[in-house]
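# Topology and contacts: notes
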Amino acid sequence: MYKVLIVEDEWLVREGLKHTIDWEDVGCRIMGEASDGEMALRLMEEETPDIVLTDIRMPEMDGIQLAKEIASRYPGMKVVFLTGFDEFAYAQQALKLGAADYVLKPTNPDELTQLMGRMAAKLDEERRRRTERERMEHKLAFGQPLIVEKMLYDLMLDHAGAMEQELFLEYAAEQGEVLDAFRIALLYAEPSPGESVPPGELYRSVAAWSSGLSAYPLVRMNDAKYALLLDRETERAELHRLLDLARFSVSQATQRQLVLGVSGRHNRLDQIPAAFQQATHALVTSFFWGGERIAWFEDTDRLAAEVPALPGLTEELIEAVKWGTEASIRAKSQACFTWIVQHPTNELEARKAFFGWIVSLYTMLLHEDELRLIVQDSALLLTSLERTVRLEDGLERLNGMLLSWSVRYQEQTKPQSRSGFEEIEDYIGRHYAEDITLQSIAERCNMSESYFSRLFKKQVGTSFVDYLTGLRMRRAKELLTNPRLKIYEVGLQVGYQDSRYFSQIFRKYTGETPTEFRKRLGIPNVPI
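Cut-offs applied
- Residues numbered from 1 in each chain as written.
- Predicted model: local features only at pLDDT ≥ 70, side-chain atom pairs only at ≥ 80, totals over all residues.
- Heavy atoms only, no water.
- pLDDT = per-residue confidence, 0-100.
- Contact = heavy atoms within 4.5 Å.
- Helix = DSSP H or I, 4+ residues; strand = E, 2+ residues; numbered from the N terminus.
- Buried < 20%, exposed > 50% of the residue type's maximum accessible area, 1.4 Å probe, protein only.
- Phe/Tyr/Trp six-rings, centres within 6.5 Å; stacked < 30°, edge-to-face > 60°.
- Lys NZ or Arg CZ within 6 Å of the ring centre and 35° of its normal.
- Salt bridge = Lys/Arg side-chain N within 4 Å of Asp/Glu carboxyl O.

### Things to note about the confidence of the model for the protein chain
In this model, the protein chain carries an average pLDDT of 79, and 83% of its residues clear a pLDDT of 70 or more. A low-confidence stretch, residues 379–386 (pLDDT under 50), is modelled with 27 contacts involving residues beyond four sequence positions or located in other chains. In the predicted structure, residues 415–419 sits below a pLDDT of 50 and forms eight contacts with residues beyond four places in sequence or in another chain.

### Some thoughts on the side chain of Arg29
As for its placement among the helices and strands, Arg29 is situated in strand S2 (residues 28–34). Judged by relative accessible area, Arg29 falls into the buried class, the value being 14%. In this structure, Arg29 is in contact with Met1, Tyr2, Lys3, Val4, Glu47, Tyr427 and Glu434, ignoring residues within four places of it in sequence.

### Here we look at the packing of aromatic side chains
Counted according to the given criterion, the structure contains 10 aromatic pairs. Taking 5.4 Å as the distance between ring centres and 80° as the angle between the ring planes, the aromatic pair formed by Trp323 and Tyr409 counts as edge-to-face. Taken together, the residues span a long stretch of sequence, with Trp323 in helix H12 (residues 313–323) and Tyr409 in helix H16 (residues 391–412) at a distance of 86 residues. On the basis of relative accessibility, which here comes to 58%, the residue Trp323 falls in the exposed class. Tyr409 gets classed as buried once you look at its relative accessible area, which sits at 2%. Grouped by ring-pair contacts, the aromatic residues Tyr496, Tyr501, Phe502, Phe506 and Phe517 constitute a single cluster. The ring of Tyr496 has Arg472 sitting right over it, with the charged end atom 5.0 Å from the ring centre.

### Quick look at the pattern of salt bridges
If you walk through the whole model with that rule in mind, you get 20 salt bridges. Where Glu47 meets Arg29, a salt bridge forms, and the shortest distance between an N and an O atom there is 3.0 Å. Of the two residues, Glu47 sits in the loop between helix H2 (37–46) and strand S3 (51–55) while Arg29 sits in strand S2, which places them 18 residues apart along the sequence. Note on accessibility: Glu47 and Arg29 belong to one class, buried. Across the pair Lys78 and Glu126 runs a salt bridge, and its minimum N-O distance is 2.4 Å. Of this pair, Lys78 sits in strand S4 (residues 78–83) while Glu126 sits in helix H5 (residues 109–142), placing them 48 residues apart in sequence. The network of salt bridges with common partners includes Arg14, Glu15, Lys18 and Glu33.

Written out as C-alpha cells, the structure is:
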C-alpha cells in the first residue's frame with residue numbers, strides 16, 4: 001500500500017477526496033491530511049508519504065511552494081496537483097517543477113482512479129528498479145573476499161537477510177559450488193605465555209591451509225578465533241587428519257596451539273547458524289574437558305551424559321542471570337557448585353564434574369534467545385578454566401562472567417534502550433492485517449532491508465517474519481473463538497487473502513488446523 005497525503009484548505013473537499021474512490025483498490029491508503037503546505041511538511045517529518053495530492057491555492061504555503069520544498073527534501077516523492085480551469089497556468093508551472101501529474105476540480109472519480117493507478121504503477125516500477133540496482137551493487141561487491149567473509153559472518157550469527165542469503169547461493173553457484181554437505185569448524189589460536197603474534201600474521205597463517213578445505217574465505221570472529229565453512233571434505237576420519245595437519249602447521253608458524261570445535265554435518269543454507277552453534281558448543285567442550293585438541297559435536301552427548309544431573313538448579317541460575325541481583329546469582333551458582341562437588345570421591349572426579357557442568361550450563365545459555373548473542377562470543381571461550389588450581393577459584397571466575405552477562409542483558413532489555421522499536425511494534429500492531437513486509441517497514445524507517453532485519457531481531461528478540469506471524473496467529477486464535485466468523489473471514493482479518501494458506505500457516509504455528517482448534521475448544525465450526 002502506498003501512502004497518500006491530502007493537502008487542501010477546504011475541509012469539505014478533503015472529505016470528498018477521501019471518499020471519492022476506493023483507495024485500497026488502487027493500492028493506496030490515506031495516511032493523513034493537512035490544510036496547508038506548512039502543516040503538510042510537519043506531517044512528513046513524522047511519516048513520509050509516497051504521494052502528495054495537493055491543492056495549488058492555499059493560505060500560509062501554497063501548493064507551488066510545497067512542491068519546491070518536497071523536491072529539495074524528498075526526491076522521488078510523487079506530487080499530484082488539484083487544479084481548476086482558471087489555475088491551468090499554475091498546473092503547467094507545477095509540472096516544470098517536477099510534479100507527477102494533475103487532476104481537475106471538481107474531481108471525477110474515474111479520472112482520479114486512473115491517475116492514482118498510474119502513480120502506483122510508477123512507484124512499483126521505481127521500487128523494482130531500485131531493488132534491482134541495489135541487488136546488482138551487492139552482487140558486484142559480493143565477489144570481493146572481504147564481502148564474502150562478512151556475508152558468512154552474518155550467516156553464522158543468523159544476521160543475514162533474505163537478499164544476502166539469496167546472493168550467497170548465487171555466488172556459490174557461479175563458483176560451481178553446491179552447498180549440499182558442510183561442517184563448520186571454529187578455531188581458537190590459544191596464546192602461549194610471553195608470545196605475541198600480530199593479528200594479521202596470525203590470520204594469514206591460519207588462512208594459508210584453509211583453501212584446501214573450503215571454497216570460502218576464513219571468517220574472523222575476533223583476533224584469536226576464526227570460523228571456516230568446510231565444504232571440500234566432510235567425512236570425519238579424513239577431515240580429522242587434515243585438521244590435525246593444520247594444527248601442526250599453525251603451531252610451527254606462530255608458536256600457538258590451535259584448538260578446534262567441529263559441528264555436525266549439514267546440507268542446507270538455513271542450517272549454517274545451527275552448525276555455528278554446534279561448533280561453538282564443541283569448542284567450549286574441548287576447553288573444559290582437556291586432552292583432545294579437535295572436539296566433535298557428535299561426541300558432546302557422550303560427555304554430557306557424564307555430567308551430574310542437578311534438580312532444577314541450573315535453570316534457576318539462568319533465571320537469576322536474566323532477572324536477579326548479584327547476591328542471587330552468587331547464591332544460585334554456589335548451590336550448583338555444592339551439589340556437584342559433594343558426590344565425587346576424589347578431586348580429579350570433582351574437577352571433571354565441575355567443568356562438565358560448565359559446558360552444560362553454556363550449552364543451555366546458547367539456547368536462550370535473549371542471552372545467546374551475549375554469551376556466544378564471550379571471554380569464556382578464551383579462558384581455559386581447567387587450568388584453575390582450586391575449584392573455588394574457578395567458581396569465582398565463572399561468577400564474574402555470569403555477572404557481566406547479567407549486566408549486559410539488563411541493559412539490553414531496558415525500555416530506553418529499544419531505540420524507538422516500541423513505535424515500530426505499535427505500528428505493526430495497528431497494521432498487521434495489511435500487506436506489510438520487511439521491505440516496507442525498513443523503507444518506512446529509512447534503513448536497508450538487511451540492516452533493519454538485523455536490528456529488529458537484536459532489539460525485539462525474534463525475526464520480523466516470526467514476530468508478524470506470531471501476532472497474526474494470536475489474533476486469529478481470538479477471532480476463531482467467535483463461531484459466527486467463517487475461517488476465511490478470520491484469515492482476511494489477520495492479513496491472509498488465501499484461506500488455504502492461512503490454514504497452513506496456522507497449523508505450522510499451532511500444530512493444528514483452525515477447524516481442529518475450534519473442535520478442541522468445543523466451538524461450532526462454520527465450513528469454509
